Each structure stands twice: as structure tokens, then as C-alpha cells.
Amino acid sequence: MLELAILGFLYDAPLHGYELRKRINALTGHVKPVAESTLYPAIKRLENAGLLARATEPGAVAAPRHVLTLTEKGRDELRRRLAEPDLRDITDENRWFTVLAFLRHLDAPAAQAAVLRRRLAFLEEPASFFYDGDRPLRAEELDDPFRRGLLTIARATSRAELAWLRETIGSLDG
């Protein structure tokens, strides 16, 4: 998720590490803020793989700043990761939001729709947080008001996402 976010934000514009970290935290920080000790090794891995380039610019006040840009190989890698997200990128909501934030960088509407169809198929599978044996429980079957609330909120969110997915897939399909 972190590498995808780095590639995605740098696809939009060159950034220095501090600004990149701020943008990633704005996207995913509600889940787990990105620490420098996590971000900079990821940047180094991507740089060593030839996906990023680093240039030094004079600092506004003191030390020089390192500005990161995406290489053509990095652009290709971002598009590949977006076109072929792994299962966790589809099923984990936080990872899905990261994919969704940059899906516009896939140029082909058919490729975008294919990714959305995978999420749609996942959401259409019967699921619950609570079960009676193998049978998913519905909110109205629960006595616990807090668990009932959890299911009610989750179902409302899923309904909204399903409607958006179907509408967007339809518009991408023409």
C-alpha cells in the first residue's frame, strides 16, 4: 500500500519526502500514520529498483532538499500494479482506497472497469462480521445494539459502494 501511494503521488508531480509523507498520511493516516522510518526505506527500495529518481535542490532556509520524481519505469510499474491489484488490494478497504485514489492513471477505461468489477464481485459475496454456524447474521437478528449498529453501518456503506461501482462500470463501458 505504501509503495503504491508513493508511486501514485509522484505520478502526479515531483515531491520532496516531507510533502510526500503529508499526502500519504492524508490518504491513509487515519489507519496508521506513515513514519519516516517506514517511508524512507520504501523510497530507497523504489529508487534502487529504478522506479524513482532523486534530485537535490537548495533548501528554502537551510539544508538542501531531495526532490523525488517518477521514472518512466516507475510510471509503468504504477500502471501495472493498478491493472493487476492483488486480492488484498481488492478486499481490504484501506488498500482498496489507495488503489481507487490512483486508478485514473490507468488510461484504458476497460482496464479501470476490470478492476472495479473485481471489487464488485467481492462485495456481492454474502458476508457478515457475525455468523450462526456458516450462515451470516443480518443486523435485525442481533440483540446486541452495538453489533446491530456495526452491521447496519457496514451494510449502508456497502450499498452505497455497490451503487457507485455499478454506475461507474456502466459509464466506463459506454
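Residues numbered from 1 in each chain as written. Predicted model: local features only at pLDDT ≥ 70, side-chain atom pairs only at ≥ 80, totals over all residues. Heavy atoms only, no water.

A. Local environment of the overall build of the chain. Helix and strand counts for the chain stand at 8 helices and 5 strands. The linear arrangement of helices and strands in the chain, starting from the amino end, is α-β-α-α-β-β-α-α-α-α-β-β-α. Computed over C-alpha atoms, the radius of gyration of the chain comes to 20 Å, more than 25% over the 16 Å expected from 2.2 N^0.38 for 174 residues, which places it beyond the range of a compact globule. Judged by the C-alpha coordinates and their principal axes, the chain covers about 65 × 40 × 25 Å. Buried residues in the chain amount to 36% of all 174 residues. Within the chain, residue pairs in contact and separated by at least 24 positions form 52% of the contacts whose partners lie at least 6 positions apart. Total accessible area on the chain stands at roughly 10,200 Å², and carbon and sulfur atoms take up 55% of it. (Helix = DSSP H or I, 4+ residues; strand = E, 2+ residues; numbered from the N terminus. Rg over C-alpha atoms; globule rule 2.2 N^0.38 Å. Buried < 20%, exposed > 50% of the residue type's maximum accessible area, 1.4 Å probe, protein only. Contact = heavy atoms within 4.5 Å. Areas by Shrake-Rupley, 256 points an atom, 1.4 Å probe, with all protein chains shown as cover.)

B. Quick look at the packing of helix α6 (residues 93-102) against helix α7 (residues 109-124). Their axes nearest at 12 Å, the elements α6 and α7 cross at an angle of 160°. Our classification of the angle between α6 and α7 gives roughly antiparallel. Along this stretch, α6 crosses α7, giving a crossing that reads as left-handed. Mapping the contact onto sequence places Trp96, Val99 and Leu100 in α6 and Val115, Leu116 and Arg119 in α7. Class assignment for the residues of the contact of α6 with α7 results in 5 nonpolar, no polar and 1 charged. (Axes fitted to C-alpha atoms, helices over the stretch in contact; angles between N-to-C directions. Parallel < 35°, antiparallel > 145°, perpendicular 65-115°, else oblique. Left-handed = near helix turned anticlockwise from the far one by under 90°. Nonpolar A, V, L, I, M, F, W, Y, C, P; charged D, E, K, R; others polar.)

C. Focus on the confidence of the model for the chain. Chain-level pLDDT for the chain is 90 on average; 97% of the residues reach the 70-or-more range. Helix α4 (residues 72-83) holds the highest mean pLDDT among the elements of the chain, 97, whereas strand β5 (residues 135-136) holds the lowest, 83. (pLDDT = per-residue confidence, 0-100.)

D. Focus on the packing of aromatic side chains. Counted under the stated rule, the structure contains 1 aromatic pair. Over the ring of Tyr11 we find Arg75; its NZ or CZ atom is 4.2 Å from the centre of that ring. (Phe/Tyr/Trp six-rings, centres within 6.5 Å; stacked < 30°, edge-to-face > 60°. Lys NZ or Arg CZ within 6 Å of the ring centre and 35° of its normal.)

E. Highlighting the pattern of salt bridges. Counted according to the given criterion, the structure contains 20 salt bridges. Members of the salt-bridge network, linked through shared partners, are Glu3, Arg45, Glu77, Arg80, Arg81 and Glu84. (Salt bridge = Lys/Arg side-chain N within 4 Å of Asp/Glu carboxyl O.)

F. Geometry of the nonpolar core. In this structure, Ile6, Leu20, Ile24, Leu39, Leu52 and Leu82 are the most contacted members of the largest nonpolar core, which totals 35 residues. When residues of this core are traced back to their parent elements, those giving at least two are α1 (2-12), α2 (17-28), α3 (36-48), β3 (65-70), α4, α6, α7 and α8 (145-173). The element best represented in this core is α1, accounting for 8 residues. When residues no more than four places from it in sequence are discounted, the contact partners of Ile6 are Leu20, Ile24, Leu39, Ala42, Ile43, Leu46 and Leu52. (Core = buried A, V, L, I, M, F, W, Y, C linked by side-chain atoms within 4.5 Å.)

G. Just the side chain of Asp89, in detail. Mapping Asp89 onto the fold places it in helix α5 (residues 87-91). Take Asp89: its relative accessible area is 10%, and that puts it in the buried class. The residues touching Asp89, leaving out its near neighbours within four places in the chain, are Arg95, Trp96 and Val99.

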